[in-house]
4 protein chains.
Amino acid sequence: MSLCSCKQEKKVNEECGVFAITTDGTSGIDVVGESYYALYALQHRGQESCGITVNDDGVFTTRKGVGLVPEVFTAEEMAKMPKGKAAIGHVRYAPKSQIDAVNAQPMVVRHAKGTLSLVTNSALVNGLELRQEMQQQGTFFQTTNDAEVMAYLIARKRLETHSIEDALALALERFEGAYSIVLMSPTKVIAARDPLGFKPLCIGKTKDGYVFASETCALNVVGAEFLRDVKPGEIVEVVNNELIIYRQGKDEHPKGLCVFEYVYTARPDSVIEGASVHVARRRAGELLAKAHPVEADVVIGAPDSGLDAAQGYAQESGIPYGVGLLKNRYIGRTFIQPVQSQRENSVKIKLNPISETIKGKRVVLVDDSVVRGTTSERVVRLLKEAGAKEVHLRITAPPFKYLCYFGTDIGKPEELMANRMPIEDMAAALGADSIGFLSLEDTKKMASGVCKDYCVGCFSGEYPIDVSKANQKDKFEEKLTK
Amino acid sequence: MSLCSCKQEKKVNEECGVFAITTDGTSGIDVVGESYYALYALQHRGQESCGITVNDDGVFTTRKGVGLVPEVFTAEEMAKMPKGKAAIGHVRYAPKSQIDAVNAQPMVVRHAKGTLSLVTNSALVNGLELRQEMQQQGTFFQTTNDAEVMAYLIARKRLETHSIEDALALALERFEGAYSIVLMSPTKVIAARDPLGFKPLCIGKTKDGYVFASETCALNVVGAEFLRDVKPGEIVEVVNNELIIYRQGKDEHPKGLCVFEYVYTARPDSVIEGASVHVARRRAGELLAKAHPVEADVVIGAPDSGLDAAQGYAQESGIPYGVGLLKNRYIGRTFIQPVQSQRENSVKIKLNPISETIKGKRVVLVDDSVVRGTTSERVVRLLKEAGAKEVHLRITAPPFKYLCYFGTDIGKPEELMANRMPIEDMAAALGADSIGFLSLEDTKKMASGVCKDYCVGCFSGEYPIDVSKANQKDKFEEKLTK
Amino acid sequence: MSLCSCKQEKKVNEECGVFAITTDGTSGIDVVGESYYALYALQHRGQESCGITVNDDGVFTTRKGVGLVPEVFTAEEMAKMPKGKAAIGHVRYAPKSQIDAVNAQPMVVRHAKGTLSLVTNSALVNGLELRQEMQQQGTFFQTTNDAEVMAYLIARKRLETHSIEDALALALERFEGAYSIVLMSPTKVIAARDPLGFKPLCIGKTKDGYVFASETCALNVVGAEFLRDVKPGEIVEVVNNELIIYRQGKDEHPKGLCVFEYVYTARPDSVIEGASVHVARRRAGELLAKAHPVEADVVIGAPDSGLDAAQGYAQESGIPYGVGLLKNRYIGRTFIQPVQSQRENSVKIKLNPISETIKGKRVVLVDDSVVRGTTSERVVRLLKEAGAKEVHLRITAPPFKYLCYFGTDIGKPEELMANRMPIEDMAAALGADSIGFLSLEDTKKMASGVCKDYCVGCFSGEYPIDVSKANQKDKFEEKLTK
Amino acid sequence: MSLCSCKQEKKVNEECGVFAITTDGTSGIDVVGESYYALYALQHRGQESCGITVNDDGVFTTRKGVGLVPEVFTAEEMAKMPKGKAAIGHVRYAPKSQIDAVNAQPMVVRHAKGTLSLVTNSALVNGLELRQEMQQQGTFFQTTNDAEVMAYLIARKRLETHSIEDALALALERFEGAYSIVLMSPTKVIAARDPLGFKPLCIGKTKDGYVFASETCALNVVGAEFLRDVKPGEIVEVVNNELIIYRQGKDEHPKGLCVFEYVYTARPDSVIEGASVHVARRRAGELLAKAHPVEADVVIGAPDSGLDAAQGYAQESGIPYGVGLLKNRYIGRTFIQPVQSQRENSVKIKLNPISETIKGKRVVLVDDSVVRGTTSERVVRLLKEAGAKEVHLRITAPPFKYLCYFGTDIGKPEELMANRMPIEDMAAALGADSIGFLSLEDTKKMASGVCKDYCVGCFSGEYPIDVSKANQKDKFEEKLTK
């Protein structure tokens, strides 16, 4: 349930979307304009800040700022951007404390051999280690972001090598963690994905050039044809508007893709690793129905991300699907609770039950997650007040129990409801009549098909790479500022 | 399909939402704060301007302006509003040419016997006649709005009578057309509905007072219990925080309710005249399935208003329901097309097909209307490009052929596709494989239950009241300004 | 001293500036654009709201709103305004409680015979009487403004007469008080001034049309040549782009011009009734020097309005003129005291002493007024802290003791320092070593030349017209809203 | 004449103001709030961007952005800033192409040994050299600003030394050019000035701490007492809230202070190197009167910076001082010329002649500079059109002929009028009857007293340090971005 604009409720947040586009100039494509539309399509991956670098014959112009895409790129600002034959762009999610223009991407680095601009969806477990190592070698940082670490290490390698690709390849060897990167040099645009493929990244083809994007929904909006995903560990580049594989990926499909991309993060109309997000969510619902059947009268979804899964649950169970909760579609960044009231049910402003669907019914409510439990508890109460006889919560993922080291902000373990009590107590605590989570095994099955494995560390505590270095990260900020 | 923010595409628009709340002060209800939430819930009925008048022991303070509720009522502005025991509020839809603060409601009138504040969702066929008549008698107008005509006529009658209720009753005798009115005097809040009940209006009960609202979704958000709809022709008032029926309504249920409230205007979680909007839409889908069956593989809805009906079509036909089109949830008033491009498919920015649902399939697309045809044609093309083998359009209302005189802005008859060609040619013109509209008879059945009849003038050309006076309206503006 | 943006300090405020322009179209003058520039030049007369009505071949388009001229008339809004051959405009000062778009001018009235748009700088002593009389006759008001009363009475007279000029003339007979009016009908622009000429109003000639404006500084900015002032009681009009005297003024020069126009309100580069404001202020300084000589080392002015007078004082007294106080030129509407501190000397943010001018010196400080005394007391302390041995206050007007009924907001009598203590005690109370006010006689001499008499009611309590009716005005608002 | 908001007219611009404040916490001083007021007072030194870093017990929080101080530091933003015991702040002037948040200061650097935050008013002749040298050593840059070069070199030296002061001292040895720096480490605030003292920097004392500021006007606004200027080459620091001289300055007074600080840049109420800016400007007028006497009737100044000098000219010459030009005090960043007109005299919107002062008179117009000549020519014409018989231009500085390498943006030499023609032709070209510039010798005398020498390179072409390295600077941007 995407109540991300509700400041009081902690929700899962995913970090960042990336985009790049090239043209040979023959079809008159406006690379800045298309980047605007693409970032608009990727807005759900990050609402805090955004930016675009355009490459006009080797001269880079960057505009970035805090706000949604149409807020930062007003008509006036768009008019100031030069034309060019390549551009990269970024939308960024950030915890509230880090919402600042200085953290916005693209990250532009001016080094001894030129300039590079980088956008990345990343989280490094050895970010602090690399930062400290580079600091010892005399590199200075303006932010506490991994993106700056990555850009500088690439730039550093650039000084020791003959090409930006070589530099990138060398730098990647040092990055431990999750990253999907797009890099622009004065003559090239390069995309790379970590060896486990934690974050999605795909390639598209326009009439006269190429596109890289975090999700396929950004290809659609610019009229690009989907070619394929960037493979885990692969480095591909566009040089002279030709697509070249610089370094082969090791596997056809990632072993570490964040399964939460399917559960919540990605847009349902995107296709990741051959699996439709929408279909994966329906599948999750079907699997839940098999694993946690219940006698009920109606299956409803928590908008927006629970809707697809609810349809799957309904179909598999034979219980009718219904629309039981309506979300106010004006809820957005402009909503500010203007009165400091004790409104216990602030959730009512965002969600309203449709009693005809619910009244006197035994309701299955399909949602994507239980984090601290506050929101879930309120939604259950809302349904009961609207006349639901029973409410059976079905969650399209296993319980959150462990920290994510790869960029998904699910909060501290001690805040997570699944850590505060046994699962069998959760239903009662939430006021629900039963609760069922998708099992780890089923979670991996939701995005069927070609992708064989996923990162499910936040559920299992078993991460696809060693995260021990990341444990120092918590004291990171304080150390740096003393 | 609610592409209302898309400036290029003409869409149906409904005018206005009204709200009022009273309290006896015992439970600490903040009438301005609750009005804010209620208008937020009614925002879909009008996004152009909004306003609130609060009554603080007989002293009225009004704040109104151009913009969405949270834009006009910022935290700073909210803090400036006094407390009070009654408030009325309004959200207004307006054609672009009339977006101006002077047209915003509440309309405050200071007359010889005091002050009144009025909000209304109305359209009078004799608005021009009344205006001219009052002008002859020396009344002056600042706007070209019917709301001003209504407020002034009520005020005029107030001068001749001993109470605001009597004044309202006398004024209502002169109003020919559609109106749901809420009026506040220093000591009373009064609600009235036209004899045919064109526009919805309902009554709610809070812990210590009453609420009037255009839709029940506004009751829910302020925690009010639904009592009943205001009856057609009825005048009810809250005096000393008691609910009093001043004038009995003639019928239990309206004969002229705009059926488009169920099709498009109202929020699905609202209940109008005992019929759930959500259920009515599902029903429309079922009726369509019976009347226009087709062999197909999947039924999809055009978001947002086509979704419920698609589920109904699917259930009735046995064809699986699918999610085939995704709407970018960041589309809103802030979206400005920053580049003046020849993007034929600007619809792509707002809607994206989910090809897994569509590819190779025979698709039934359920939508709420075909106006000029431009949008529908583009959506059909989008689906075909995404691989749909066939696209069968099913529309949850009859074809628009006639002007609406009661406040729904569907454009001029000559712009309407159903007027430019026979219905049997429309499928081909839109690129669809077949098209089916809900029949007039079925339209009346969609909101089953207690309400026996509706206004379907825009479909049939037969209006529940004489509209001949309204035909002069077109030349209205010019005449007034010469 | 124009600390008008300083919210804590009560300062004198004058209400409104008016403007009109006509063209025959031959020289390509953009009447909306020129109105923008003119209102910009008149901005000092009102910062709360502004507006323009343009007449495009009989069709009126009005844009008005809360804010400074460039805030309301952004490039985007300007682009939406049609071209035309006449326009009128307004800038409005308003007490904080009345800052609302509904009060902005031009006031547009649509009556039985057409439309009129009116801008006015006015204050009627019988405003309430007229309002009540009209209310009894069935006229309704949306605001509590005299402008609405005036517009409606003119419109009412229009219904009884054959021309807008006749209507205006009849209406003027009923207006008791101060008014400079500019009125636009579909074919005419008419200017009128009250018989005593309280408020300035002048006529200019452009290459192909005419201009009316509150001050000559607005003529200069649009490149118009000054023709003459509108005479008291005169009605002049532009018809078919010809200037016609509809009704002769009674006198050559006004008997009731507000002398505070010269002291504070008008821009120094304006010429009113043949007297330069700048020269008048210098003269006031000279007269002060004669009346209140003092042994001192330097004469300084309180910026901005005290500067000219200080030069006059210096020249007459032979004491050197110096710049002793500097005003932060970024002080404006955007300044918000961001910290709720106990900063006693908030005046420091706006004014800074130049110690080289002051230190060890006996200083004559020339200022325009003492209202409540708070600001004056702080400025004196500022100078003393900067090393002034003595501070001798010289005020370019008599003490404020009485209410102004004609539009200048000097506060309630009980707040005025000159009412709370004898003048001989004021110096000590302000921390000054002496204080001297311009005498009533000298005040009338400051704007030498042709104008023989002025309104000095706020100083003497003797008003040029009977103000007894106005005394009910204080309870006006409450009465209306009950 | 400070027409800095007039986009069409090229005017001289100076770069940046710096500020710092410390407290021991005893008197409850709010360091962020005081920084706000101080930056507000320094706003004239830079209107493009601004920022503040606050040090809360070693943790740095930085807020910076594009806009005026009250635009960037809204009440909402101020509320987010933590309290602390030290803060530094900056206002920045920037050429239009570089207005971007990434260039705003303070510049925060996170290095191996901690964090530093730096604000600087600087221009290095060897900025490019240092940048390239550091790039070769592996330092990466995000901007093309010298401030980043300086911050990184200090940080680099910090790695090689045991204290931030040692690091700063070592870094300063490499900086060739103009700089006034304030640096904050978690425990110290340090101020330094280049050996020639190009830019002003002073020290103040509050009740319980210290202040550094570009100008004394910022001391006044925070209630700090002026202690002394930072000496050229000096490094002073505040440690444990004690003021310590870390490195003695070489001279008592600078040899390279930019004389244009007195002519135009600084606020008249500031005192630089013991000389009041206001007094210096009067003095310049006196010297001009001696050097370029003329028979005339009135001396007027071009607002704002010419006013003081005009008074000096008047006093010395015996010709009466008059106010001949009035500046619209609403001219600011919000002013946008809304109509693309061919208004030749756009200067009229900003300046209006007071004809009473001018008409039929022989006028001496005192202004601060002639750059391209466009503005001066228009002002002369304005005066002649207002009736001036003669206009004698007197400029309070020598003609601009050479590039400034130290931060003052006077444009390219080929654009400068004094380079396009002999001085004796300039009067005719500007429409003036005579022209007189302050001689180089007199320029040095204007700020009499303790300061013996100045930088007058822009007038003489002889710079106090070798600027040959700076000549490569023009091709700087292109090189970096290829």
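Residues numbered from 1 in each chain as written. Chains lettered and ligands numbered in written order. Predicted model: local features only at pLDDT ≥ 70, side-chain atom pairs only at ≥ 80, totals over all residues. Heavy atoms only, no water.

Chemist: How should I be thinking about the relation of the copies chain C and chain D in this particular structure?
Modeler: Both copies of the chain are placed relative to one another by a rotation about an axis and a shift along it. Note on the identical chains: chain C maps onto chain D by a rotation of 180° and an axial translation of 0.0 Å, with an RMSD of 0.1 Å. On this basis, the relationship between the two copies can be described by a two-fold rotation axis. When each C-alpha of chain C is compared by its distance to the rotation axis, C:Arg329 comes out closest, at 3.9 Å. Taken as a fraction of all interface residues of chain C, those also at the interface in chain D reach 98%, which identifies the copy contact as same-surface. (Least-squares fit on C-alpha atoms with pLDDT ≥ 70 in both. Contact = heavy atoms within 4.5 Å.)

Chemist: Is there a simple way to explain helix α15 (residues 423-430) of chain C in this structure?
Modeler: At 3.6 residues per turn, the α-helix brings residues three or four places apart onto the same side. Residues and elements named next belong to chain C. Among all positions in α15, only Met426, Ala427 and Leu430 are buried. Seen from one end, α15 has its buried residues packed into an arc of 95°, which puts them on one side. The outward face of α15, more than 90 degrees from its buried face, is lined by the exposed residues Glu424 and Ala428. Structurally, α15 contributes buried residues whose contacts are with α13 (374-385), β20 (390-395), α14 (417-420) and β21 (434-437). Downstream of α15 by one or two residues, glycine 431 has phi in the positive range, about 80°. (Buried < 20%, exposed > 50% of the residue type's maximum accessible area, 1.4 Å probe, protein only. Helix = DSSP H or I, 4+ residues; strand = E, 2+ residues; numbered from the N terminus. Arc of directions from axis to C-beta.)

Chemist: Quick question: what am I supposed to make of the packing of helix α5 (residues 146-160) of chain A against helix α6 (residues 164-174) of chain A here?
Modeler: Residues and elements named next belong to chain A. Interhelical geometry of α5 versus α6 gives an angle of 125° and a closest axis separation of 8 Å. In terms of orientation, α5 lies oblique with respect to α6. Two packed elements cross with a definite hand, and for α5 against α6 that hand is right-handed. Contacts from Leu153, Ile154, Lys157 and Arg158 of α5 reach α6 at Ile164, Ala167, Leu168, Leu170, Ala171 and Arg174. (Axes fitted to C-alpha atoms, helices over the stretch in contact; angles between N-to-C directions. Parallel < 35°, antiparallel > 145°, perpendicular 65-115°, else oblique. Left-handed = near helix turned anticlockwise from the far one by under 90°.)

Chemist: Is there a simple way to explain the relation of the copies chain A and chain B in this structure?
Modeler: Overlaying chain A with chain B gives an RMSD of 0.0 Å, the required rotation being 180° about an axis along which the chain moves by 0.0 Å. Both copies present the same face, since 100% of the interface residues in chain A are matched by interface residues at the equivalent positions in chain B.

Chemist: How do you make sense of the interface of chain C and chain D when you look at a structure like this?
Modeler: A common way to express how large an interface is: the accessible area buried when the components associate. In this complex, chain C contributes 54 residues to the contact, which on the side of chain D involves 53 residues. Counting each side, the surface lost to burial between chain C and chain D is near 4500 Å², with a carbon and sulfur contribution of 58%. Its largest share of buried area at the contact with chain D, chain C owes to C:Tyr37, C:Tyr40 and C:Tyr330, together 16% of the area lost on that side. If you look at where chain C meets chain D, you find zero salt bridges. Where chain C packs against chain D, one counts 12 residue pairs in polar contact (both at pLDDT 80 or more). At the level of elements, α1 (31-41), α7 (216-221), α9 (277-291), α10 (306-317), β17 (325-327), α11 (347-350), β18 (351-353) and α12 (355-358) of chain C are the ones that each hand at least two residues to the side of chain C that touches chain D. (Buried area = accessible area lost by both parts, 1.4 Å probe. Salt bridge = Lys/Arg side-chain N within 4 Å of Asp/Glu carboxyl O. Polar contact = N/O pair within 3.5 Å; in protein donor to acceptor, adjacent residues only side chain to side chain.)

Chemist: It is not clear to me how the packing of aromatic side chains should be interpreted in this structure. Could you clarify?
Modeler: What describes a pair of aromatic rings is the distance from one ring centre to the other and the angle between the planes of the rings. Enumeration over the complete set of coordinates arrives at 50 aromatic pairs over all chains. Centroid distance A:Phe400 to A:Phe459: 5.5 Å. Interplanar angle 20°. Geometry classified as stacked. With A:Phe400 in the loop between β20 (390-395) and α14 (417-420) and A:Phe459 in helix α17 (residues 457-460), this pair connects stretches of sequence that are 59 residues apart. Across this residue pair, the class does not change: A:Phe400 and A:Phe459 are buried. What links up through ring pairs into an aromatic cluster is the set A:Phe198, A:Tyr405, A:Phe406 and A:Tyr463. When the ring centre of A:Tyr210 is taken as origin, the NZ or CZ atom of A:Lys205, which lies over that ring, is 4.6 Å away. Cation over ring: B:Arg131 sits above B:Phe141, and NZ or CZ is 4.5 Å from the ring centre. (Phe/Tyr/Trp six-rings, centres within 6.5 Å; stacked < 30°, edge-to-face > 60°. Lys NZ or Arg CZ within 6 Å of the ring centre and 35° of its normal.)

Chemist: Help me out: how do you make sense of the sheet that holds strand β9 (residues 202-205) of chain A in this one?
Modeler: The strands that make up a sheet are held in pairs by hydrogen bonds between backbone atoms, and each pair lies either parallel or antiparallel. Residue and element names in this part refer to chain A. Read from one edge of the open sheet, seven strands run β3-β2-β4-β1-β10-β9-β11, paired in antiparallel fashion. Either end of the sheet is taken by a strand with one partner, and the two such strands are β3 (59-66) and β11 (225-229). Strand-to-strand, the axes of this sheet are offset by a mean angle of 15°, without reference to chain direction. In the sheet, β9 pairs with strand β10 (residues 210-213) via four bridges, with the strands oriented antiparallel. Within the sheet, the bridge partner assigned to isoleucine 203 lies in β10 and is phenylalanine 212. (Pairing = 2+ DSSP bridges.)

Chemist: Explain the side chain of D:Asp442 to me, please; I cannot follow it from the model alone.
Modeler: Residue and element names in this part refer to chain D. Structurally, the position occupied by aspartate 442 is in helix α16 (residues 440-446). The buried category is assigned to aspartate 442, whose relative accessible area is 10%. Apart from the residues lying within four places of it in its own chain, the contact partners of aspartate 442 are Leu287 and Ala291.

Any functional reading would require information beyond the geometric quantities listed.
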